[in-house]
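A closer look at the structure
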Amino acid sequence: SSRRRHTRYISVTGVQTCALPIFSLSFGVAAALLHGGIEADVYRSGNFHDPELRRLESLVVIESDPRLTAANTRGATLRIEAGGVTHEQVIGAIKGDPESPMSDDEVREKFLRYSSGQVTQRSAAAFAEALLSAQPAGGMNDIWAILKEV
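Residues numbered from 1 in each chain as written. Predicted model: local features only at pLDDT ≥ 70, side-chain atom pairs only at ≥ 80, totals over all residues. Heavy atoms only, no water.

1. A few points about the pattern of salt bridges
Spelled out, the test is: We define a salt bridge as a side-chain nitrogen of Lys or Arg found within 4 Å of a carboxyl oxygen belonging to Asp or Glu. In this scheme, a residue with accessible area under 20% of its type's maximum is buried, one over 50% is exposed, and one in between is partly exposed, where area comes from a 1.4 Å probe on protein chains only. For the purposes of this entry, the term helix denotes a DSSP run of H or I that reaches at least four residues, the term strand denotes a run of E that reaches at least two, and both are numbered from the N terminus.
Applying the stated rule across the entire model yields ten salt bridges. The residue Asp65 makes a salt bridge to Arg67 at a minimum N-O spacing of 3.3 Å. Judged by its relative accessible area of 14%, Asp65 falls in the buried class. The closest approach of N and O atoms between Arg108 and Asp105, which form a salt bridge, is 2.6 Å. Separated by three residues within a single helix, Arg108 and Asp105 lie in helix 5 (residues 104-115), roughly one turn from each other. When its relative accessible area of 55% is taken as the criterion, Asp105 is described as exposed.

Set out below in structure tokens:
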């Protein structure tokens, strides 16, 4: 079933290469706890060997939520137990989901942040504007060419 595949998908732990962390919920939770959120640079290879990040990841337990599964609902309940205190947060739609779409400004800012260091700021800004305008002058080939500008 799709639910069973999803459970296997999120159970990847102890990742050592760039290809796997995006498939590891435990890595993402540990990174968010350590860094206060998840940004693209969390998935750069230097972080895979961070002893504190790996220690936190080893403490993460992933369990299916039978209530969400029964309701066929996307979401998660994050429960942190530390020092005898339990903190719990239910998470439904996240920014960018159809139920919580991002504004053009949010899309632009996220793209600029994630492409930083990969392409020039000018090329990234032009690319984002071309995509958001939904009226590319010469089609997708011209939009992709914007990223190649130096």
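2. A short note on the environment of Leu132
Definition in use: A contact between two residues is defined here by any heavy atoms of the two lying within 4.5 Å.
Here Leu132 is to be found in helix 6 (residues 121-133). Taking relative accessible area as the criterion, Leu132 reaches 23% and is therefore assigned partly exposed. Along the primary structure Leu132 and Asp104 are separated by 28 residues, whereas in three dimensions their C-alpha atoms are 6.8 Å apart. With near-sequence residues (within four places) excluded, Leu132 lies in contact with Asp104, Val107 and Arg108.

3. Regarding helix 6
Keep this limit in mind: The length a helix should cover is 1.5 Å for every residue beyond the first.
The end-to-end C-alpha distance of helix 6, which contains 13 residues, comes to 18 Å, matching closely the 18 Å that a straight helix rising 1.5 Å per residue would cover. Residues of helix 6 that are buried in the fold lie against helix 5 and helix 7 (140-148).

4. Quick look at the side chain of Asp65
The condition that has to hold: Here a polar contact is recorded for every N or O atom pair within 3.5 Å, except that within protein the pair must consist of a potential hydrogen donor and a potential acceptor, and residues adjacent in sequence are included only if both atoms are side-chain atoms.
Structurally, the position occupied by Asp65 is in the loop between helix 3 (51-59) and helix 4 (66-70). Of note is the side chain of Asp65, whose polar atom sits 3.0 Å from the backbone nitrogen of Arg67.

Keep in mind these numbers describe shape, not what the thing actually does.
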